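Chain and residue survey
Here's the letter readout for the chains.
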Amino acid sequence: MLDHCSISHKGGVVLWSRSFTPAASHAAASPSSPVNSLVREALIEGRSSDGKYEKDGYAVKWTFVNDLELIFVVAYQRILQLTYVEDLLTALKALFVKLFQPFLTTFVASLHVTSTAKLSSSADTSASWDFSKAFDGWDAVFDKLLRGLEDKAAQERRTRSGHVIRTAAEVSPPAEDISTIPTQSDDNVLDEERIARNVQALKNRLRGRGAQPVRRGRGRADVASGRDSHPGSDSDTTPSKSKRKSKAKVQRKWGDEAPTESDMASLDFSYDSSTSDTHAHAPPVDLSALVDSGSLGTRTQDGLYEVRDWEFSQGGKSADDVIAEVLKKSGQEPKPASGSLGALGSIFARLTGTKVLTEEDLKPVLEAMKQHLMKKNVAKEISDKICEDVGQSLVGKKVGGFQTTSSAVRQALANSITRILTPKTSTDLLLSIRTKLSKPLPASQQRQPYSITFVGVNGVGKSTNLSKVCFWLIQNGFRVLIAACDTFRSGAVEQLRVHVRNLGMLGVDGATDSKGRVELYERGYGKDAAGIAKEAINYARENDFDVVLIDTAGRMQDNEPLMRALAKLVATNNPDKIIFVGEALVGNEAVDQLTKFDRALRDFSAASGGQERGIDGMLVTKWDTVDDKVGAALSMTYVTGQPIIFVGCGQTYTDLRQLRVANVVQAILSD
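Residues numbered from 1 in each chain as written. Predicted model: local features only at pLDDT ≥ 70, side-chain atom pairs only at ≥ 80, totals over all residues. Heavy atoms only, no water.

1. A few points about the overall build of the chain
In terms of regular secondary structure, the chain is built from 25 helices and 18 strands. Here the chain, with 671 residues, has 42% of them falling under the buried criterion. Considering only intrachain contacts with a sequence separation of at least 6, the fraction spanning at least 24 residues in the chain is 70%. Carbon and sulfur atoms make up 52% of the accessible area of the chain, which amounts to about 36,400 Å² in all. (Helix = DSSP H or I, 4+ residues; strand = E, 2+ residues; numbered from the N terminus. Buried < 20%, exposed > 50% of the residue type's maximum accessible area, 1.4 Å probe, protein only. Contact = heavy atoms within 4.5 Å. Areas by Shrake-Rupley, 256 points an atom, 1.4 Å probe, with all protein chains shown as cover.)

2. Description of the environment of Gly-391
Within the secondary structure, Gly-391 sits in helix 16 (residues 380-394). Beyond its immediate sequence surroundings of up to four residues, Gly-391 is in contact with Leu-362 and Leu-366.

3. Brief notes about the nonpolar core
Among soluble globular proteins, nonpolar side chains are generally buried collectively. If you look at the biggest cluster of nonpolar residues, it comprises 96 residues, and the most contacted ones within it are Ile-417, Phe-454, Trp-472, Leu-473, Leu-549, Trp-623 and Phe-646. Not counting the four nearest positions on each side in its chain, Leu-473 is found in contact with Ile-433, Phe-478, Val-480, Val-547 and Leu-549. Counting 35 residues, the second largest nonpolar core, distinct from the first, contains Leu-82, Phe-100, Phe-103 and Leu-146. (Core = buried A, V, L, I, M, F, W, Y, C linked by side-chain atoms within 4.5 Å.)

4. Comments concerning the packing of helix 21 (residues 529-542) against helix 22 (residues 560-573)
Their axes nearest at 8 Å, the elements helix 21 and helix 22 cross at an angle of 30°. One way to sum up the angle between helix 21 and helix 22 is to call them roughly parallel. Considering the relative orientation of helix 21 and helix 22, their crossing is right-handed. On the side of helix 21, the interface is formed by Ala-529, Ala-530, Ala-533, Lys-534 and Ile-537, while helix 22 contributes Lys-568, Leu-569, Thr-572 and Asn-573. Split into classes, the residues belonging to the contact of helix 21 with helix 22 amount to 5 nonpolar, 2 polar and 2 charged. (Axes fitted to C-alpha atoms, helices over the stretch in contact; angles between N-to-C directions. Parallel < 35°, antiparallel > 145°, perpendicular 65-115°, else oblique. Left-handed = near helix turned anticlockwise from the far one by under 90°. Nonpolar A, V, L, I, M, F, W, Y, C, P; charged D, E, K, R; others polar.)

5. With respect to the sheet that holds strand 18 (residues 656-658)
Reading across the sheet, the 9 strands line up as 8-18-17-16-15-11-14-12-13 and stay open at both edges, with mixed pairing between neighbours. Two strands in the sheet have a free side with no partner beyond their single neighbour: strand 8 (308-309) and strand 13 (518-521). Where strand 12 (residues 480-485) and strand 14 (residues 547-552) come together, 6 bridges link them in parallel fashion. In the sheet register, Ala-483 faces strand 14, and the bridge partner there is Ile-550. In this fold helix 22 packs onto strand 11 (450-455), strand 12, strand 14 and strand 15 (577-583), with an angle of close to 170° to the strand it touches most, strand 14. Of the strands in this sheet, strand 11, strand 15 and strand 16 (617-621) are in contact with helix 23 (residues 588-607), which crosses strand 15 at around 155°. (Pairing = 2+ DSSP bridges.)

6. As for the packing of aromatic side chains
All told, the structure shown has 21 aromatic pairs when counted by the stated rule. Considering the side-chain rings of Phe-72 and Phe-96, the 5.9 Å spacing of their centres and the 80° angle between planes classify their relative orientation as edge-to-face. With a gap of 24 residues between them, Phe-72 in strand 5 (residues 70-77) and Phe-96 in helix 3 (residues 85-117) connect regions that are remote in the sequence. By relative accessible area, which is 1% here, Phe-72 ends up buried. Take Phe-96: its relative accessible area is 0%, and that puts it in the buried class. Aromatic pair Phe-103 and Phe-131: ring centres 6.4 Å apart, planes at 85°, arrangement edge-to-face. (Phe/Tyr/Trp six-rings, centres within 6.5 Å; stacked < 30°, edge-to-face > 60°.)

7. Quick look at unusual backbone geometry
We note that Asn-377 has phi near 75°; this positive angle belongs to a residue other than glycine. With respect to the element layout, Asn-377 can be found in the loop between helix 15 (359-375) and helix 16. For Asn-377, a relative accessible area of 19% gives the class buried. Unusually for a residue other than glycine, Lys-622 sits at a positive phi of about 55°. With respect to the helices and strands, Lys-622 occurs in the loop between strand 16 and helix 24 (631-640). Judged by its relative accessible area of 30%, Lys-622 is partly exposed.

8. Description of the confidence of the model for the chain
For the chain, mean pLDDT is 77; residues scoring 70 or higher make up 72% of the total. Per-residue pLDDT stays below 50 along residues 273-281; that stretch engages in 7 contacts with residues further than four places along the chain or on separate chains. (pLDDT = per-residue confidence, 0-100.)

9. What to know about the pairing of strand 16
Within strand 16, 5 of the 5 residues are buried, leaving the element largely enclosed by the surrounding structure. Side chains of strand 16 alternate between two faces, with Gly-617, Leu-619 and Thr-621 and Met-618 and Val-620 buried alike. When strand 15 meets strand 16, the two strands line up parallel, connected through 5 bridges. Looking across to strand 16, one finds that Glu-583 is bridged to Thr-621.

10. Quick look at the packing of helix 15 against helix 16
As a packed pair, helix 15 and helix 16 sit with axes 9 Å apart at the nearest point and diverge in direction by 145°. The two elements helix 15 and helix 16 cross, and the hand of that crossing is right-handed. Contact with helix 15, carried on its side by Leu-362, Leu-366, Met-369, Lys-370, Leu-373 and Met-374, involves Lys-380, Ser-383, Asp-384, Ile-386, Cys-387, Val-390, Gly-391 and Leu-394 of helix 16 and no other residues of that element. Split by residue class, the contact of helix 15 with helix 16 holds 9 nonpolar, 2 polar and 3 charged.

11. Thoughts on the pattern of salt bridges
In the structure shown here, the tally under the stated rule is 24 salt bridges. With a shortest N-O distance of 3.4 Å, Asp-528 and Lys-568 are connected by a salt bridge. Placement of the pair is Asp-528 in the loop between strand 13 and helix 21 and Lys-568 in helix 22, with a sequence separation of 40 residues. Among the salt bridges present, the one from Asp-616 reaches Arg-613, with a minimum N-O distance of 2.9 Å. Take Asp-616 and Arg-613: they sit in the same class, and that class is buried. Three or more residues joined by partner-sharing salt bridges are found here, namely Glu-367, Lys-370, Lys-380 and Asp-384. (Salt bridge = Lys/Arg side-chain N within 4 Å of Asp/Glu carboxyl O.)

The following block contains the structure:
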């Protein structure tokens, strides 16, 4: 049975509602009710456009009447399989509009007049309307409709269950003669026969070998398969054959005595030791190759170093101008061969005259829009949902000519993408760090450093972009400790060691170097990453470091043991930020990676005894390789609801950029 049903205006005015249980009535009155959560998380943020939403054990479905700005919502227990909910919403929408359309039209018009005049809020206006009198008789219509749909669903269940029972009775009739009941199952017989064959095969094999012990490898496979191995066969290795082995690799000759310190120094090709003689002869580092002066950030009046914004150049035109030009061009000239927005404009050019847009009218337009988004590297699943959202906002709209139509399309598409990309949390990482470091503490408590963990799949550039973030923090006056927690990949520690050496040579505010501002904490390979991260945070606290950057090993999202190890690191150290590092080149894979990373971190971190933690932000690498195909940003933000903090766009330490929503929307909408 249903728990709640309501009809409301998009402005927040509830026209009619009913709760079917006391618990549902109590939940509907609370701010955290499923309907209120639906409005906040699905309708306002646009994160669920498939007509279904789940919250706290409830399943919520809804539908719109766009011309009257109405929302029909039905909530029920998620465990129940109510097959008639879709039919109920469709019938509710048709009956309610048909019975009360004059009143609804007047009510919506009054809301618009009040909003334009700014005389009072919509809640004050709704208080002057008597909805119980206006919708007199609707309760009886609703009860009759609901009873009919429930009876129909019950009849269908009885029909299906009766068919299943008759089929089962025909297939397996009961046995009346006790003697016909088998005393042993066929599976047991087969198991005994298989065991007997394996035992016989093992005896034959031992007899042929002269009762020699069974060898590993090929012999075990032969026994399991029940094949006999006769003497003299190729599978039996004779002593003469066993002697013919390949020569072992020639070992390095160290001499008769143990190597001296000078011998060891000659074999030390790393330049991390300041006492090594080879360090003095290390090749000089070209500092100009580490920093691109053209991509350096800017200093604010407060002395803060800010990275540059990523800009999409389209001749100085805005996103609206670009779409308007494409639509206008396609309406006057033949249809371009490339399709996408050009085809979209030509389709809308035919929708002239005053009419109400229907689903049939919008179907080819939405298909063209979906193809355009996928060409921009947006995941197919995300493209489908965005197009559904745009379609729902356009169905029932009245258009009066080509310009009105193009304006409606432009506004709906831009609004949907902007709503998805707009951050729901702060992206000011400097503010978060300064807030924690300046927070007053008791005299007996020592200040904890701000910790950031970088996670992601293999080969996306976690270590490289971690060093770019480190350069940005150093330029803002922070002391940074890098924790080498990638104890698996060969060369991972050495790579960070080189980055720390380079960052120490770069100056800050006119200084010739940054020594003392950045250090590396490493314990070699094969160690527990969670333990190394904990030791690094303790070391940073005792030595007055401001920020700890934790580098982790790359892992695939389907590798459960490695995901559990990552969740253990998160649960043990509780970092302030968990940043997912992903590539801008991925399409559909972005959805799978982020969804599984976020879900695994939440599940396994809570199971490890810590608080449930998910991904707090994203850093997208290789941004300079995709031009205007920036759909990965849209896919990642849609999946997690978290912002993209930085994008990496080069090989130097200054190649870090911030994203602006307007620039991303302009790139996605460009043709």
